[in-house]
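Now for the letters of each chain:
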Amino acid sequence: MGSSPATPRHFLRLQDLDTREVDDVLDLAGRLRQGVRGADLQGRTVGLLFFRGSLRTRSSFEVALHQLGGHALNLNAASDFWSLEERTGVVMDGEAPEHIRDAAEALSCYVDALAIRPAPAGRVWERDRLDTGIHAWAQHSKVPVINMESALWHPLQALADLMTLRDALGGDLRGRRLAITWTRSPAPGSPAGVNSMLLAALRAGMEVSLAHPRGFDLDSAVLDEARGEAQRSGVEFQQVDSMDTAVEGSHVVYARSWWPLSSYGNPTLTASRLARETGWCVDERTLALGEDARLMHPMPVRRNLEVTDEVLDGPRSLIIQQAGNRLHTQKGLLSLLLRPS
Amino acid sequence: MGSSPATPRHFLRLQDLDTREVDDVLDLAGRLRQGVRGADLQGRTVGLLFFRGSLRTRSSFEVALHQLGGHALNLNAASDFWSLEERTGVVMDGEAPEHIRDAAEALSCYVDALAIRPAPAGRVWERDRLDTGIHAWAQHSKVPVINMESALWHPLQALADLMTLRDALGGDLRGRRLAITWTRSPAPGSPAGVNSMLLAALRAGMEVSLAHPRGFDLDSAVLDEARGEAQRSGVEFQQVDSMDTAVEGSHVVYARSWWPLSSYGNPTLTASRLARETGWCVDERTLALGEDARLMHPMPVRRNLEVTDEVLDGPRSLIIQQAGNRLHTQKGLLSLLLRPS
Amino acid sequence: MGSSPATPRHFLRLQDLDTREVDDVLDLAGRLRQGVRGADLQGRTVGLLFFRGSLRTRSSFEVALHQLGGHALNLNAASDFWSLEERTGVVMDGEAPEHIRDAAEALSCYVDALAIRPAPAGRVWERDRLDTGIHAWAQHSKVPVINMESALWHPLQALADLMTLRDALGGDLRGRRLAITWTRSPAPGSPAGVNSMLLAALRAGMEVSLAHPRGFDLDSAVLDEARGEAQRSGVEFQQVDSMDTAVEGSHVVYARSWWPLSSYGNPTLTASRLARETGWCVDERTLALGEDARLMHPMPVRRNLEVTDEVLDGPRSLIIQQAGNRLHTQKGLLSLLLRPS
């Protein structure tokens, strides 16, 4: 119906929900998983706009909507329409025939929320890290905008990961130890999911060890924010340059490959950096360094390169639970964001 | 269910509805916008076949169907299936592995209507203007065919535009003055929407001024038909070569860029024609020449080239209402076309 | 809901249903066509994964789900996500960033069944004929996997074809004569549908004549299986090298072009083989050789090359019924596979 409250409630990063709201979403997700009915979204539509590929997010989001009685309007920018201008005030004599402002306002007439997976340009990190695309959508949309993974954040993944951590470690995460470790891949992905997980875990009171090779540091502002969260939570956040060191004594190992920001947009330099790294694969020996440690990975995962088959398919792997919780947490989130005001 | 009345009721151009039917659709659209329930399309499906990109049409049509309880079967020719032959009686030894006849008859078994956005070949206007693609669909389909913008007509846009004109000017459009003006763009679109608007406005009894640079004339048969409509309605239809002249004294300015038909299929000549034009941008000064004039544009719009930001985002702009009315008028139309016979 | 029975009931080839189950599906399909309600699939989703194009299968499957109250999650591998690894135990340092195992297990959390149209590599028949892709999906999925046409089988087409044969010949097919004939096309398709039809007809007790030019033999294991089915049914299965011979005395002529397996993956050799063939077009003269014979073809069909317009559009053609029965049989199959256990 395109209900247009004065200020739509966006979900661009996990911190857009306060800790009580996160608890509410996770609690509701748990009840939904048990078969409780969620919000009734009959006649309501969420537009899903993909400027990049997606398997889990696309599928779990569309199914979440259907199970709540609503509808997903699936739009692939590449095949369904055209490029969009995001800069304000320019003379639009370039390639893009339409401005995000007009697309956002028009779509707001049709849908009850817009979920966006933008495609960062991939050339200059200092520009992409501003997430201008999704902020332009949020600025002009009359309905809530949900981030389905921007350059900097992947809050939907973080919600599912938090639920999985609670499932595995018991409800209270305070004082539990999380190792986040870089893994090797010929085509690493975005650090967005790791950024979101890092801040979510620290806010939940977990002790976090972050391991990666030299040159693969996360965005410095994200690290500053992580240190702030750690301080507020009174927990330790340490960075190390060895997977083993990070995993030692941890309860959960969160594995994920990401590209080096320092050579962002430079494939040659990135390839040479990656070529220098060996190891950085989570195997049974690594996992045994933890304290009864479980393995998480947001997928897609390159088997026997990032993590061994033995670990991924073993009893300590939580990767399928993570994927499954995407559905339940997104149903919880939609119930919160789209409830009648 | 693929209900197959003997002669399906197609909607290929606005004139396929008589004026009372247009009134019915617009009246129903108004009530639907107020929250009245439309036809119940539960268990019914409309196939949307896109041979070209679409944002508003795709989105508003799919949401219209969902809000009425029905379902949109979304098919992108480019990515979902293959090219189709439209000529009758040929030996099919070319590229297309399937004939529109067979695709239309097969799909008629599954859906209750077919909405088509064909892709004109873009080489010879005298051929494309025949709209043979959509006519082949209409000839062979057992269910109503709806034109989602062919080479010559865009009747769905015209319905939304008529509703917007009524909203803005009061119910009766007789004697109100409409300026349709060409605007500058490096990649002009099809004149189909303007063709439909022109005839719709004249049939509704509006006085119309049409402005464009020399060499950008609309299709001559469309112009003939426009003169006929003007005569029947007893109103004036004039063509001028200056935006200011057209806008002077008008109540609504309808802006839109279109390519020169005289160099259709010749990008070099078209580019040189476009390069010669300057101006042709609607700004506050232009709009002030009208009589309390409002601005319409069917979008996508190139900001600050076709129309200035100031006008588009100002209080006289109707572009978002136009987009919104796509939803309501299409729900009205579907209610009319798919009502149980 | 992703209900996960211990061993999901897959439908990879027609023989995965015993003859009584096929009867059940066809009987239910007949009642569904009469307007009887099928299973209630409210809140349930089937993921449709297309690694190749599709028109009838995609459309009829999605509409079948909607008419039963359920939902189709439509995924195009080419545009929506990425390539998938299917080999077990490899170090995933190649192009594919994800393993079918992980995709299958993750999607199993969201959907109630997975329907797959894999894309055989198209280079080595001995490899493609193993249908490793769809078997990998079946191995790892926690929900039923439905084959939407693999290299070797197209069981959904066979279900619709069986229903059409029953409609045309009366309920009992025993002893009725089917001619399956190769037809000429510049771009022949897969023999998968013909393989499935051949075995289905023999199991149903039909006498089958199979005609094709030399060098266009079906897969030898399929032919072995066909001979076994013929023996079990006590009917004749003969192979001939002339369309006329096959059609003589038959009640139904099933036409379809397929590529020569002996030059599979070798376009040059295939083209030269095809160039040598002339004729192999079903026309009125051919059809008159049968016994009141009807024409079937699974489409897409190249008109006036495979079959003449006169036959396709004449009273003896069953091609539209075949297409229509795709909807009804798939609703029947879904009702069987997704019934609450």
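Residues numbered from 1 in each chain as written. Chains lettered and ligands numbered in written order. Predicted model: local features only at pLDDT ≥ 70, side-chain atom pairs only at ≥ 80, totals over all residues.

In this section: the interface of chain C and chain A. At the interface, 25 residues of chain C touch 28 residues of chain A. Of all elements in the fold, only β1 (45-50), β2 (71-76), α3 (77-80), β4 (98-99) and α4 (100-108) of chain C reach the threshold of two or more residues within the side of chain C that touches chain A. Counting residues per element, the side of chain C that touches chain A draws most heavily on α4(C), at 5 residues. For the side of chain C that touches chain A, a count of residues per class yields 13 nonpolar, 7 polar and 5 charged. (Contact = placed C-beta atoms within 7 Å. Helix = DSSP H or I, 4+ residues; strand = E, 2+ residues; numbered from the N terminus. Nonpolar A, V, L, I, M, F, W, Y, C, P; charged D, E, K, R; others polar.)

This part takes up the relation of the copies chain C and chain A. Note on the identical chains: chain C maps onto chain A by a rotation of 120° and an axial translation of 0.0 Å, with an RMSD of 0.0 Å. Within this description, the copies of the chain are treated as partners about a three-fold rotation axis. Taking the C-alpha atom as reference, chain C places C:S79 closest to the rotation axis, 4.3 Å from it. Interface overlap between copies is the fraction of interface residues in one copy that are interface residues in the other; for chain C against chain A it is only 4%, indicating separate surfaces. (Least-squares fit on C-alpha atoms with pLDDT ≥ 70 in both.)

Ranked by size, the top nonpolar core spans 325 residues in total, and within it A:V253, B:V253 and C:V253 carry the most contacts. Among all residues touching C:V253, those that are not within four sequence positions of it are C:A179, C:T181, C:V247, C:V282, C:L287, C:G290, C:A293, C:L295 and C:M296. (Core = buried A, V, L, I, M, F, W, Y, C linked by C-beta atoms within 7 Å. Buried ≥ 20, exposed ≤ 12 C-beta atoms within 10 Å, placed from the backbone.)

This part covers the interface of chain A and chain B. A common way to express how large an interface is: the accessible area buried when the components associate. Counting from both sides, the interface comprises 25 residues of chain A and, opposite them, 28 residues of chain B. Elements with a minimum of two residues in the side of chain A that touches chain B: β1 (45-50), β2 (71-76), α3 (77-80), β4 (98-99) and α4 (100-108) of chain A. If you tally residues by element for the side of chain A that touches chain B, the top one is α4(A), at 5 residues. Among the residues making up the side of chain A that touches chain B, the classes are represented as 13 nonpolar, 7 polar and 5 charged.

Quick look at the packing of helix α7 (residues 155-169) of chain C against helix α8 (residues 192-203) of chain C now. Residue and element names in this part refer to chain C. Interhelical geometry of α7 versus α8 gives an angle of 45° and a closest axis separation of 8 Å. Comparing their axes, α8 and α7 come out oblique. α8 is crossed by α7, and the crossing has right-handed handedness. Only G193, S196, M197 and A200 of α8 make contact with α7, whose side of the interface consists of P155, Q157, A158, D161 and L162. (Axes fitted to C-alpha atoms, helices over the stretch in contact; angles between N-to-C directions. Parallel < 35°, antiparallel > 145°, perpendicular 65-115°, else oblique. Left-handed = near helix turned anticlockwise from the far one by under 90°.)

Right, let's get into the sheet that holds strand β5 (residues 113-117) of chain A. All names here are of chain A. Read from one edge to the other, the open sheet built from 4 strands follows the order β2-β1-β5-β6, with strand pairing classed as parallel. Among the strands making up the open sheet, the edge pair consists of β2 and β6 (145-147). Across the sheet, the mean angle separating the axes of adjacent strands is 20° when strand polarity is ignored. Strand contacts of helix α6 (residues 132-140): β5 and β6, with the helix running at about 160° to β6, the strand carrying the most contacts. (Pairing = 2+ DSSP bridges.)

All right, on to the relation of the copies chain A and chain B then. Mapping chain A onto chain B is achieved by rotating through 120° and translating by 0.0 Å along the same axis, at an RMSD of 0.0 Å. When the interface residues of chain A are mapped onto chain B, a mere 4% of them again lie at the interface, so each copy presents a different face.

What follows covers the domain arrangement of chain A. Residue and element names in this part refer to chain A. Annotation of chain A at the domain level lists domain 1 (14-151 + 327-337) and domain 2 (155-323). Just the C-alpha atoms count here: the centres of domain 1 and domain 2 sit 25 Å apart. Between domain 1 and domain 2, the contact holds 23 residues from the first and 20 residues from the second. A total of 5 residues in the side of domain 1 that touches domain 2 trace back to one element, the largest contributor, which is helix α1 (residues 19-33). In the side of domain 1 that touches domain 2, the residues fall into 10 nonpolar, 9 polar and 4 charged. (Domains from an automatic or database assignment.)

On to the pairing of strand β10 (residues 252-256) of chain B, then. The two faces of the sheet receive side chains in turn, since in a regular strand these alternate between them. Residue and element names in this part refer to chain B. Most of β10 sits inside the fold, with 5 of its 5 residues counted as buried. Along β10, one buried face is formed by V252, Y254 and R256 and the opposite face, lined by V253 and A255, is buried too. Note that strand β7 (residues 177-182) and β10 share 5 bridges and pair parallel. Residue pairing across strands places L178 opposite V252, the latter belonging to β10. Here β10 runs beside strand β11 (residues 294-296); their pairing, made up of 3 bridges, is parallel. Paired with V252 across the strands is R294, a residue of β11.

Okay, the packing of helix α2 (residues 56-67) of chain C against helix α14 (residues 319-337) of chain C next. Residues and elements named next belong to chain C. It is at 9 Å that the axes of α2 and α14 come closest, and there the two elements cross at 50°. Classed by the angle they form, the pair α2 and α14 counts as oblique. In terms of crossing hand, the pair formed by α2 and α14 is right-handed. Across from R56, S60, F61, V63, A64, L65 and Q67 in α2, the residues of α14 making contact are A323, R326, L327, Q330, K331 and L334.

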